[in-house]
Structure formats: C-alpha cells, structure tokens
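Each chain, written out:
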Amino acid sequence: MSVRYLDQDFAVSAQVAPEAVSELCSAGFAAIICNRPDSEGDGQPAFAAVAGQARACGVEAHYLPVVPGEITVRDVEAFAALFAAAPKPILAYCRTGLRAETLWQLSAGLRDGELDSGRQGSAQRCSKVV
C-alpha cells in the first residue's frame, strides 16, 4: 500500500482494503478517515468492513465521504474538526488520495486557527469550495 505523508501527523492513500488495516496499524496510524462514498466504484469495499478491521486493531475509523469536484465549506469544516479531535497520526483515503489531500489543503487555515473569525461569512458566500 502506498502512503504519502503530508505532515508528521497526516498521510493520504488510495482506497484502503480491509485486509490492509493491520499493516496501517503496524505502521503506527491511530485513526483512519474515509473520504470516499460507499458504492462509488465496482469492487470497492464498504466503509463498514474497513472500520470493523480498524476497531479490531485499536484504530479509530471515521467516515466523511465527499464527492469529487463538490467539496463544500461544510465538508472542509467537518474535516478540520475531525482532524483536531482524532488521535494522530491519521491516514485519510479515497479512490486515489486526491480528495483526502484536497480536504487537508483546504482546511489548513481552520486547523491553524486562522479562519475562526471569518469562517461563517465564507460559508455563506460559497457553498462549494472545489
């Protein structure tokens, strides 16, 4: 499985298979975030199967599905909140890793606390970020 670190506490990858979760646990990941909606592609494992394996390994599993090209401000805010609350390091995945990386990049200001005062105004002006 190819994992790419964007920060010491955050990495992205393509679709995670349930049988690969033990490898992620051995690599030290404490949480997994799925950014891919179930049934998006043929042969895609359901999030519940990945989450079940994660729980069995002692890894938190979170489901925050987003549609390519339709990431909203709410999605970004939810990702930032999830990142803040989840144990580190975190692996986020989708079909290719791009949505997970996009959420990471778009949430940078929220994770760093830079957008707290202007966040609501941005959400009202723009319903889609990407």
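Residues numbered from 1 in each chain as written. Predicted model: local features only at pLDDT ≥ 70, side-chain atom pairs only at ≥ 80, totals over all residues. Heavy atoms only, no water.

S.K.: Looking at this structure, how should I read the sheet that holds strand β3 (residues 31–34)?
M.R.: Strands in a sheet are paired, the pairing made by backbone hydrogen bonds, and the direction either parallel or antiparallel. Strand order in this open sheet of 5 strands is β1-β2-β5-β3-β4, and the pairing throughout is mixed. Single-partner strands in this sheet number two, and they are β1 (3–7) and β4 (60–63). Neighbour-to-neighbour, the strand axes of this sheet turn through a mean angle of 25 degrees, independent of strand direction. Pairing analysis gives 4 bridges linking β3 to strand β5 (residues 90–93), with the strands arranged parallel. Paired with Ala-31 across the strands is Ile-90, a residue of β5. Contacts between helix α2 (residues 47–57) and the sheet are confined to β3, β4 and β5, with β4 contributing the most and set at about 160 degrees to the helix. (Pairing = 2+ DSSP bridges. Helix = DSSP H or I, 4+ residues; strand = E, 2+ residues; numbered from the N terminus. Axes fitted to C-alpha atoms, helices over the stretch in contact; angles between N-to-C directions. Contact = heavy atoms within 4.5 Å.)

S.K.: What is the right way to read the environment of Ala-86 from this model?
M.R.: Within the secondary structure, Ala-86 sits in the loop between α3 (73–85) and β5. Look at Ala-86 and you get buried, because its relative accessible area is 4%. For the pair Ala-86 and His-62, spaced 24 residues apart in sequence, the C-alpha to C-alpha distance is 8.9 Å. Residues contacting Ala-86, with those up to four places away along its chain left out, are Ala-31, Glu-60 and His-62. (Buried < 20%, exposed > 50% of the residue type's maximum accessible area, 1.4 Å probe, protein only.)

S.K.: What is the right way to look at the pairing of β1 in this model?
M.R.: Here β1 pairs with strand β2 (residues 10–13) via 4 bridges, running antiparallel. Looking at β2, one finds that Tyr-5 is bridged to Ala-11. With antiparallel pairing between neighbouring strands as the criterion, β1 and β2 make up a hairpin whose turn holds 2 residues.

S.K.: I'm lost on the state of the cysteines in this one. Help?
M.R.: Disulfide: a covalent bond formed between the sulfur atoms of two cysteine residues. Per the counting criterion, the structure on display carries 0 disulfides. Among the cysteines around Cys-57, which has no disulfide bond, Cys-25 carries the closest sulfur, lying 4.6 Å off. A relative accessible area of 26% means that Cys-57 is categorised as partly exposed. Note on Cys-94: no disulfide assigned, nearest cysteine sulfur contributed by Cys-34 at a separation of 8.4 Å. (Disulfide = S-S within 2.5 Å.)

S.K.: How should unusual backbone geometry be read in this particular structure?
M.R.: What you tend to see is this: most non-glycine residues have negative phi, and most peptide bonds are trans. Omega for the bond connecting Lys-88 with Pro-89 falls within 30 degrees of zero, at 0 degrees, which places this linkage in the cis form. Mapping Pro-89 onto the fold places it in the loop between α3 and β5.

S.K.: I'm lost on the nonpolar core in this one. Help?
M.R.: Side chains that are nonpolar tend, in soluble globular proteins, to be buried together. The biggest cluster of nonpolar side chains holds 19 residues, and the ones touching the most others in it are Phe-10, Ile-33, Phe-79, Phe-83, Ile-90 and Leu-103. Elements with a contribution of two residues or more to this core: β2, β3, α3, β5 and α4 (98–106). Among all residues touching Phe-83, those that are not within four sequence positions of it are Asp-9, Phe-10, Lys-88, Ile-90, Trp-104 and Arg-111. Formed by 14 residues, the second largest nonpolar core is a distinct cluster that contains Val-16, Cys-34, Val-59 and Tyr-93. (Core = buried A, V, L, I, M, F, W, Y, C linked by side-chain atoms within 4.5 Å.)

S.K.: Please clarify how the pattern of salt bridges should be interpreted in this entry.
M.R.: Here the idea is simple: oppositely charged side chains can pair when their charged atoms come close. Applying the stated criterion across every chain yields a total of 3 salt bridges. Here Glu-40 ties to Arg-36 by a salt bridge, and the two come within 2.5 Å at their closest N and O atoms. Judged by relative accessible area, Glu-40 falls into the partly exposed class, the value being 32%. Its salt-bridge partner being Glu-40, residue Arg-99 comes within 2.8 Å of it at the nearest N-O pair. (Salt bridge = Lys/Arg side-chain N within 4 Å of Asp/Glu carboxyl O.)

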